[in-house]
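# Observations on chain architecture
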Amino acid sequence: MPNPVVSKASTTWNGDLFTGKGSTSLDSSGAATFPVEWNARAEGSDTTTTPEELLAAAHATCFSMAFSNELKKNDTPPTEVRTTAEVTFVAGTGITGIALTMTATVEGIDDATFQKIAEGARENCPVSQALKAVDITLDATLA
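Worth saying up front: this structure is predicted, and the values here are computed from it rather than measured. (Residues numbered from 1 in each chain as written. Predicted model: local features only at pLDDT ≥ 70, side-chain atom pairs only at ≥ 80, totals over all residues. Heavy atoms only, no water.)

### Observations regarding the overall build of the protein
- Within the protein, the regular secondary structure consists of four helices and six strands.
- Secondary structure of the protein in N-to-C order comes out as β-β-β-α-α-β-β-α-α-β.
- Projected onto its principal axes, the C-alpha positions of the protein cover 55 × 35 × 25 Å.
- The proportion of buried residues among the 143 residues of the protein is 31%.
- Considering only residue pairs separated by 6 or more positions, the protein has 46% of its internal contacts joining residues 24 or more positions apart.
- Carbon and sulfur atoms provide 52% of the accessible area of the protein, an area that totals close to 8,800 Å².
- Side chains of the protein give 9 positive and 18 negative charges; the mean places of these two sets differ by 7 Å. (Helix = DSSP H or I, 4+ residues; strand = E, 2+ residues; numbered from the N terminus. Buried < 20%, exposed > 50% of the residue type's maximum accessible area, 1.4 Å probe, protein only. Contact = heavy atoms within 4.5 Å. Areas by Shrake-Rupley, 256 points an atom, 1.4 Å probe, with all protein chains shown as cover. Lys, Arg positive; Asp, Glu negative; His and termini not counted. Charge placed at Lys NZ, Arg CZ, Asp CG, Glu CD.)

### Quick word on the sheet that holds strand E4 (residues 78-90)
- In space, the three strands of this open sheet follow the order E4-E5-E6, with mixed pairing throughout. Each edge of the sheet is formed by a strand with only one pairing partner; in this case those strands are E4 and strand E6 (136-142). Taking the axes of each pair of neighbouring strands and ignoring which way they run, one obtains an average angle of 15 degrees across the sheet.
- Pairing analysis gives twelve bridges linking E4 to strand E5 (residues 94-106), with the strands arranged antiparallel. Bridging from a neighbouring strand, Ala85 pairs with Leu100 of E5.
- Lying on the sheet, helix H2 (residues 51-73) is in contact with E4, E5 and E6; it crosses E4 at an angle near 150 degrees.
- Along the sheet, helix H3 (residues 111-124) contacts E5 and E6; its crossing angle with E6, the most-contacted strand, is approximately 150 degrees. (Pairing = 2+ DSSP bridges. Axes fitted to C-alpha atoms, helices over the stretch in contact; angles between N-to-C directions.)

### With respect to the packing of aromatic side chains
- Taken as a whole and assessed by the stated rule, the structure comprises four aromatic pairs.
- Ring centres of Phe67 and Phe114 lie 5.4 Å apart, and the angle between their planes is 85 degrees; this geometry places the pair in the edge-to-face category. Remark: Phe114 occurs in helix H3 and Phe67 occurs in helix H2; sequence separation between them is 47 residues. Judged on exposure class, the residue Phe67 and its partner Phe114 are both buried. (Phe/Tyr/Trp six-rings, centres within 6.5 Å; stacked < 30°, edge-to-face > 60°.)

### Points about the packing of H2 against H3
- Put simply, H2 and H3 touch, their axes get as near as 9 Å, and they point 135 degrees apart. Viewed along their axes, H2 and H3 adopt a mutual orientation that is oblique. Where H2 crosses over H3, the two elements pack in a sense that is right-handed. On the side of H2, the interface is formed by Phe63, Ala66, Phe67, Glu70 and Leu71, while H3 contributes Phe114, Ile117, Ala118, Ala121 and Arg122. (Parallel < 35°, antiparallel > 145°, perpendicular 65-115°, else oblique. Left-handed = near helix turned anticlockwise from the far one by under 90°.)

### Brief notes about the environment of Gly44
- With respect to the secondary-structure elements, Gly44 resides in the loop between helix H1 (38-43) and H2.
- For Gly44, a relative accessible area of 47% translates into the label partly exposed.
- Through-space distance from the C-alpha of Gly44 to that of Pro4 is 35 Å; in sequence the pair is 40 residues apart.

### Remarks on the pairing of E5
- Hairpin connection between E4 and E5: a loop of three residues separates the two successive antiparallel strands, and Gly92 in this loop has a positive phi of roughly 90 degrees.
- Looking at chain direction, E5 and E6 are connected through seven bridges and run parallel. The partner of Leu100 across the bridge, within E6, is Leu138.

Below, the structure is given as structure tokens:
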């Protein structure tokens, strides 16, 4: 069994939930630090990230990796996979759903096989497995 890889991120928060602000950092890679605040989470923002946006990035990445791996196992490796994840958050309720939208360029595959492999990746990528409590939909298009 391979050694586990532990990824680390951290957040510093100042103040109360509604008027406070903070920042979250990708500590393992050091790739980025993002500002966070409640208003962005509850109302949306073009400049401040949210836990849901970070979760969407993780899910889009994980799904794309899992899907491309399954396509390779099928002897039809992809040329390109483009995935968008939309995580819906309702203040007072929480995360209510995740919609994955994917378009891929894959040579030598029929649509039925493509859809079956895509659905398997939706169900089985590690992030999907971790988020089983939430409805996860998939719209997969063979380009």
